[in-house]
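# Close look at the chain arrangement
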Amino acid sequence: VSKIKEDERKIRKADLRLLQEQINPHFLYNTLDTIVWLIEGNDSDKAVNMVMSLSEFFRLVLSKGKEYITIQEEELHIKSYLEIQQVRYRDILEYQIQIDPELYQYQILKLTLQPLVENSLYHGIKYKRAKGSITVTGQMEGDRIRLRVADDGVGMEEKDLYKLQREIEKPCKETEKGFGLANVNERIRMNFGVEYGMKIDSVKGKGTCVEIVIPAVQYAAEKEE
């Protein structure tokens, strides 16, 4: 039993590292390009704000190697991400974050919401060719926490939605598309059980909603240490 638990722990950490490696390069390069562009355009205030948001983003990605962070920290993480992206996509992106402060001291696996937000931007809003909105919400429901990332982007055809729903049920290394989403779903189920995880709904031309359900567990810093 101890050997199985240790193997599972190693797999979780390997999957988390895999997701971090996927995020860091292209996001960092694009953000640095934007900062250079702002400096060249003599918009130093925006450049400074972007550097601060970028610093906060990576501070929370690293989180001293912790696997769990508070929901408040996860909210700060996606907020810094969206602040950066709003500068890059200022003509097409609006966002709202409406997570109940009651949830702030509960634990969440690091990098749970950011891949969902990134998916909404790159696969929903960018292809809309008009201004779009991403809304992140979170509520307590009994002994569970329900988090949603919804966009009013291009949405998906029913057959494409069905295929994505099937893909996220697979181990992330076996997925053909939706790697980031499959990774999040796999880590949630591995840590909390198969009764938790991800659900996706989408309507072509109206948008997509990704929902996460996790157990309501107070964050314990001592345990994480």
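Scroll up to find the structure this text is about.
Residues numbered from 1 in each chain as written. Predicted model: local features only at pLDDT ≥ 70, side-chain atom pairs only at ≥ 80, totals over all residues. Heavy atoms only, no water.

### Thoughts on the overall build of the protein
- The secondary structure content of the protein amounts to seven helices and seven strands.
- Reading the protein from its N end, one meets helices and strands in the order α-α-β-α-β-β-α-β-β-α-α-β-β-α.
- Pairs at least 24 apart in sequence give 71% of the contacts found in the protein among residues at least 6 apart. (Helix = DSSP H or I, 4+ residues; strand = E, 2+ residues; numbered from the N terminus. Contact = heavy atoms within 4.5 Å.)

### Section: the packing of aromatic side chains
- By the definition in use, this model includes four aromatic pairs.
- Pairing Tyr68 with Phe192 gives two aromatic rings, centres 6.2 Å apart and planes at 50°, and the pair type is tilted. In this pair, Tyr68 sits in strand β1 (residues 68-70) while Phe192 sits in helix α6 (residues 179-192), placing the two residues 124 residues apart along the sequence.
- Where Phe192 meets Tyr196, the ring centres are 6.4 Å apart and the plane angle is 80°; that geometry is what we call edge-to-face. Taken as a pair, Phe192 and Tyr196 share a single burial class, namely buried.
- What links up through ring pairs into an aromatic cluster is the set Tyr68, Phe192 and Tyr196. (Phe/Tyr/Trp six-rings, centres within 6.5 Å; stacked < 30°, edge-to-face > 60°. Buried < 20%, exposed > 50% of the residue type's maximum accessible area, 1.4 Å probe, protein only.)

### Examining the sheet that holds strand β7 (residues 207-215)
- Here five strands make up an open sheet; going across it, the order is β2-β4-β5-β7-β6 and the pairing mixed. Two strands close off the open sheet at either side, each with one partner strand: β2 (93-99) and β6 (197-203). Strand-to-strand twist across the sheet, computed as the mean angle between neighbouring axes with direction ignored, equals 10°.
- Across eight bridges, the pairing between strand β5 (residues 144-151) and β7 is antiparallel. (Pairing = 2+ DSSP bridges. Axes fitted to C-alpha atoms, helices over the stretch in contact; angles between N-to-C directions.)

### Description of the pattern of salt bridges
- Counting across every chain of the model gives eight salt bridges.
- Residue Glu169 is joined to Arg189 by a salt bridge in which the shortest nitrogen-to-oxygen separation is 2.7 Å. A residue pair is termed long-range when its members are at least 10 positions apart, and Glu169 in the loop between α5 (158-167) and α6 and Arg189 in helix α6 qualify at 20 residues.
- On the basis of relative accessible area, Glu169 is assigned to the partly exposed category, the value being 44%.
- Through salt bridges that share partners, Glu141, Arg146, Arg148 and Glu211 make up one connected network. (Salt bridge = Lys/Arg side-chain N within 4 Å of Asp/Glu carboxyl O.)

### Some details on helix α3 (residues 71-88)
- With 18 residues, α3 extends 26 Å between its outermost C-alpha atoms, agreeing within 8% with the 26 Å of an ideal straight helix rising 1.5 Å per residue.
- Residues of α3 that are buried include every one of Ile71, Glu74, Glu75, His77, Ile78, Ser80, Tyr81, Leu82, Ile84, Gln85 and Val87, and no others. (Expected span 1.5 Å × (residues − 1).)

### Some words on the side chain of Glu75
- For Glu75, the position within the fold is in helix α3.
- For the buried Glu75, no salt bridge exists, and the shortest N-O distance to an oppositely charged side chain is 6.8 Å, to Lys79.
- Only 2.9 Å separates the side chain of Glu75 from the side chain of Tyr104, close enough to count as a polar contact.
- In contact with Glu75, other than residues within four places in its own chain, are Ile97, Ile99 and Tyr104. (Lys, Arg positive; Asp, Glu negative; His and termini not counted. Polar contact = N/O pair within 3.5 Å; in protein donor to acceptor, adjacent residues only side chain to side chain.)

### Details of the environment of Val210
- Here Val210 is to be found in strand β7.
- With a relative accessible area of 2%, Val210 lands in the buried category.
- A C-alpha to C-alpha distance of 4.6 Å links Val210 and Ile200, two positions ten residues apart in sequence.
- Filtering out sequence-adjacent residues up to four positions away, Val210 remains in contact with Leu116, Leu147, Arg148, Val149, Met198, Lys199 and Ile200.

### As for the packing of α3 against helix α4 (residues 114-125)
- At a minimum axis distance of 10 Å, the contact between α3 and α4 shows a crossing angle of 25°. Comparing their axes, α4 and α3 come out roughly parallel. With respect to the hand of their crossing, α3 and α4 are arranged in right-handed fashion. Residues Glu74, His77, Ile78, Tyr81, Leu82, Gln85 and Arg88 of α3 touch α4, and the partners they reach there are Gln114, Val117, Glu118, Leu121 and Tyr122.
- Counted by class, the contact of α3 with α4 contains six nonpolar, three polar and three charged residues. (Parallel < 35°, antiparallel > 145°, perpendicular 65-115°, else oblique. Left-handed = near helix turned anticlockwise from the far one by under 90°. Nonpolar A, V, L, I, M, F, W, Y, C, P; charged D, E, K, R; others polar.)

All we've got here are geometric facts, nothing functional implied.
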